[in-house]
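Topology and contacts: notes
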Amino acid sequence: MVISYQWLLEYLPTPIPVDELGKILTSIGLEVEAIETEESIKGGLQGLLIGEVITCAKHPNADKLSVTTVNTGDAEPVQIVCGAPNVAAGQKVVIAPVGATVHPTEGEPFLIKKAKIRGEESSGMICAEDEIGLGNSHAGIMILPADAPVGVSAREYFNVPLADYSIHIGLTPNRSDANSHIGVARDVCAYLSHHRGGEFRVKMPVLEAMQVITTAAINVTIEATDACPRYTGISLTNIKVGASPEWLKQRLQTIGVRSINNIVDITNYVLHEYGQPLHAFDADKIHGNMIIVRNMPEGTAFAALDDKERKLRAEDLLICDEQGAMAMGGVFGGKHSGISDITTNVFLESAYFTPMSIRRTSMFHGLRTDAATHFEKGVDINNVIPALQRAAALIVAIAGGEVASAVTDVYPMPLADLTVTVSYSYIKQLSGKDYGIAAIRNILLALGFGIVSENEEHITLLVPSNKPDVTQPADIVEEILRIDGLDNIAIPDRLNISLLKALPGDRQSRERIAQLLCGMGLQEIVTNSIVNSKYYPGNTGLVQMINSLSSELDTMRPSMLESGLEVVQYNCNRKSTDLCLFEFGNVYAQQEGKYIQAPHLAIWVTGNAVSADWNNKAQKADIYYLKGLLNNLMEYSGIKGAGYAISESGDEIIWKWKNQHLCSTRIVPQERLGLFGIKQEVYFAEIHWDLWHKAIVAARIKYSEVPKFPAVQRDLALVLDKQVSYRQVQEITAQLKLAELQSYGLFDVFESDKLGTGKKSYALNFTFQLQDRTLTDAETEQLMQRLTDAYKTKLNALIRE
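Residues numbered from 1 in each chain as written. Predicted model: local features only at pLDDT ≥ 70, side-chain atom pairs only at ≥ 80, totals over all residues. Heavy atoms only, no water.

The helix and strand tally for the protein stands at 19 helices and 43 strands. Across its three principal directions, the C-alpha atoms of the protein cover 125 × 80 × 65 Å. Looking at the 801 residues of the protein, the share that counts as buried comes to 46%. Once local pairs closer than 6 in sequence are excluded, the contacts in the protein between residues at least 24 apart make up 69%. In the form shown here, the protein has an accessible surface area of approximately 41,400 Å², with 50% of it arising from carbon and sulfur atoms. The centroid of the 72 positive side-chain charges in the protein is displaced by 8 Å from the centroid of its 94 negative side-chain charges. (Helix = DSSP H or I, 4+ residues; strand = E, 2+ residues; numbered from the N terminus. Buried < 20%, exposed > 50% of the residue type's maximum accessible area, 1.4 Å probe, protein only. Contact = heavy atoms within 4.5 Å. Areas by Shrake-Rupley, 256 points an atom, 1.4 Å probe, with all protein chains shown as cover. Lys, Arg positive; Asp, Glu negative; His and termini not counted. Charge placed at Lys NZ, Arg CZ, Asp CG, Glu CD.)

Written as C-alpha cells, this is what we have:
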C-alpha cells in the first residue's frame, strides 16, 4: 500500500516530520518499506530565480551566442552567455545561478558552474522550459510576463506545491482497517494519544448537507444478499466530465494512480481516503431506472471495460439493470455503462460485498483491481454512506451538477455488533507487560472500541466495524501491543521455554532417514505441491484447484515424479547434470468423491552417482544403484519381510510388505522426460511413507553379544543357465535356514562361451559364524555341501572348480 505524506497530514491534528512518521508507522505494525520523494516538477525549481535581461549583445567570438547582463535582484547584475535565438534586453526570464542544480524534462540533472564560453565569462544560465522540467520545448528561452517580480524564486512564482513523499507500507492482509489514509491516521492518532498524552483525533472531512432535487431516483433490489449485504447509491445530474484539478491529479500521482477524468478520479480519491471502493455508472445507460444485484446463469457473456468478453460463473456477483449485467460487483466495470466524455448524469454506487465472493471472482477472471483487493480484505460496512456522501460532494464541487436523489440504502439484514470480553490478567500474561487499566482503556477508546461493561478484572468491548480481524481476546492484546509500539515489547532477562524430550515417532523416523540420505550424498529439495495438469492428461482422479494462481499451477500433484523432474530440468539446463535428490512430500487424489492425501518419500538420480577422482572412475547411476539404496534404507530402518519383484522388461522393481506396495524404483520413460526437455536417463524411487513407518514400528530389533569366535569364509562359483536370476539363488539359500550362515553376497558375474551356450557364472562369498565356538573345517564343509546340493537340485547348477 502507498500513502501520500502531505495527504495524510490533512487528517492529523498536528504535523509530524516524515522520518518520525515512518518510525511511528513501523512501530505500530504498519511496516514502512520505503519513503520516496514525489514532485510535480522534477527538482521543484529549487534554487532558480526570476531575472530581467538588462543588456544583450552579440558574442565577439561566436555568431550564434549572445552576451547578456541580467538583474537577479542582487546589488550587481551578472553576465551570462546565452545561445537562445530569442533572447533580448527587457525580457523577464528564469535564471539558474551558479550553484543551482537544473532538472531537465529528459536527461540527468546537472550543476550550474561558473565558466568561460569562447573567452567570455558566464555566471549562470537563462533557461528554456525543457531545461527546468516545465515543458518539452527547446525553441528558445522562456519569456515571462512583464510584471514578473525580479529576484523572486521560480518555485514561488510558479506556485510549485510542496514536495510530497510516497510512503510504501507492507500492509498485512488482516489490517484492512488501515487500508486508507484515514485508517492510517486513526492509528497514528491513537499512538500520539498514548505516548504524548491528551486526546488526538482524526480530522475527518466535513460532510455538509447537500441540497437534493429529487428527479432521477434509481430503484435498487438485492437478490444475492449473501454476497451483498448492503448496497447504497445516489444520483447526480448535469455534471460535466473533464480533466481533474491539479491538486487531485497530484494526490493520485503520488500514490501511483493514473488520472482518467474528474468523475473516475474522485471515486479513486475516496477509495484511498476512506478505504471504500465506489463505482460510477452513466445513469442514462441504466435501463428501466433500476439496479438489481444478482447472479447470472453459468456461461453468460459479459462485455468488460477492457473490451474483453468474459464467460461468467453462476456464483459471480453482477450489478444489472433490466436488460442485463452492467458490472462485476466490486471487481470490474462493464463496457457499456461506464463514464464517458459525454456523460451528464451519474449514478454513484457504494456497497459492501463479502470478501470471499469478491476474491473468488477476482482470482478466477484474473482481475486484480484496487476495488477487489480492498473488498477481499474486508471493508467497513458502516462506512459506505459517509464515503458516498464525500464523493457526491466532491463531484458537485469539481464537476458541477446537482444531487438528484436522496441516498438509497438497501440493508435488509444489518450485521450484528460483535463484543469481546478480555481479562486484564490475560492481557498482562500474553503481552508480558502490566499496562494498567487506564492505559488499556485509553488505547482501545482511541482505536474506536466501545466499552460495554467493565470491572476490576474484565472489560467487555464493542468491536468497531472497521476491524473485521478482531474476534477474540488475543486480538485485543495485539491492538494494545501495536499502539504501545511493537519495538517497546520488553525482552526479559530470563527466557523460559519447554523442550520436547523427543520428536514424535513419524517425525523421528523422517529425520533419521533424511540424515542417512544426506550422508549418502543425496540433497534434499522442497518442491511445490501444486503442479500443471498438462502433465496428467486423461487422469480423472486429479484434485483441481478452484482458484488457481495461474494456468500452469492448477492441480495438486498425484505423483511426486513431475515436480522433481522440474528441478532436474532446471539444473541440467545449467550444466549441473549429476544429481541425487530426495524429498518428503504429499500426493493427492480423489476417489468416489473423497479426497486422499498420502505422504511419500521420493528419490531422483541422474548422471553419475559417484564422481570420478584420481584413483576411481565415475559410476553411472542406474536402477540397481537405487535398488541398493532402498535395500540400505530398509536395513537401516529394521524392516524385515519385504520382498521384491523385477518387471519382465527390467525397468521397474517393486517391493511389497505384507502384500502391500511398500516402495518402487523405475527408469523414467523417455516420453516423460521429453515433456521437460531432459536428454539423459533419470531413475526414480518412491516410498509409501505411511506403510514404511508401520513396517518400522512392527520391526523387532534383537540385540546379541558380539561373537568372540572367528568367522569362517568360503567362496563358491556356480555355472547356471542365463535365465536364472540372483533372486532365485537368494530364495533357495533362505529356504535352507542355516543358523550358522551370517551373510553371503555376489561378488562376480562371468559369461563366456567356454562355460557353454546359454550359461553364466555367479561367484558367491559365504560367511559362517557361531556365538559359542569356532566352526570346524568339517562342519563348514558340511554346510557348503548342503548349499551346493540345493543349487544343483533346484537350479541345475554346476560347481565351477
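Our focus in this paragraph is the nonpolar core. Leu25, Ile167, Val270 and Ile476 are the most contacted members of the largest nonpolar core, which totals 73 residues. Here Leu25 is in contact with Ile3, Leu30, Glu31, Val32, Ile167, Ile169, Val184 and Val188, once residues within four sequence places are set aside. (Core = buried A, V, L, I, M, F, W, Y, C linked by side-chain atoms within 4.5 Å.)

Turning next to the packing of helix 7 (residues 355–365) against helix 8 (residues 370–377). Two quantities define a packed helix pair, namely the angle between the axes and the distance from one axis to the other. Two elements in contact, helix 7 and helix 8, have axes whose closest approach is 7 Å; the angle formed by their N-to-C orientations is 140°. Relative to helix 8, helix 7 is oriented oblique. Helix-helix and strand crossings are classified by hand; for helix 7 and helix 8 the assignment is left-handed. For the pair formed by helix 7 and helix 8, the contact residues are Pro355, Ile358, Arg359 and Ser362 on the first element and Ala372, Phe375 and Glu376 on the second. Grouping the amino acids of the contact of helix 7 with helix 8 by side-chain chemistry returns four nonpolar, one polar and two charged. (Axes fitted to C-alpha atoms, helices over the stretch in contact; angles between N-to-C directions. Parallel < 35°, antiparallel > 145°, perpendicular 65-115°, else oblique. Left-handed = near helix turned anticlockwise from the far one by under 90°. Nonpolar A, V, L, I, M, F, W, Y, C, P; charged D, E, K, R; others polar.)

This part covers the side chain of Arg230. Relative to the helices and strands, Arg230 resides in strand 14 (residues 230–237). What makes Arg230 buried here is its relative accessible area of 8%. A polar contact of 3.0 Å, which involves the side chain of Arg230, links it to the backbone oxygen of Ile381. One polar contact links Arg230 to Asp409, side chain to side chain, over a distance of 2.7 Å. Here Arg230 is in contact with Ile222, Ala351, Tyr352, Ile381, Asn382, Val384, Ile385, Asp409, Val410 and Tyr411, once residues within four sequence places are set aside. (Polar contact = N/O pair within 3.5 Å; in protein donor to acceptor, adjacent residues only side chain to side chain.)

Quick look at unusual backbone geometry now. Trans peptide bonds make up most of the peptide bonds, and negative phi angles are found at most residues other than glycine. Positive phi outside glycine occurs at Asn159, with the angle close to 55°. On the secondary structure map, Asn159 appears in the loop between helix 3 (154–157) and strand 12 (164–170). A positive phi angle, near 50°, is found at Asn289, a position not held by glycine. Take Asn289: it is sitting in the loop between strand 15 (278–282) and strand 16 (290–295).

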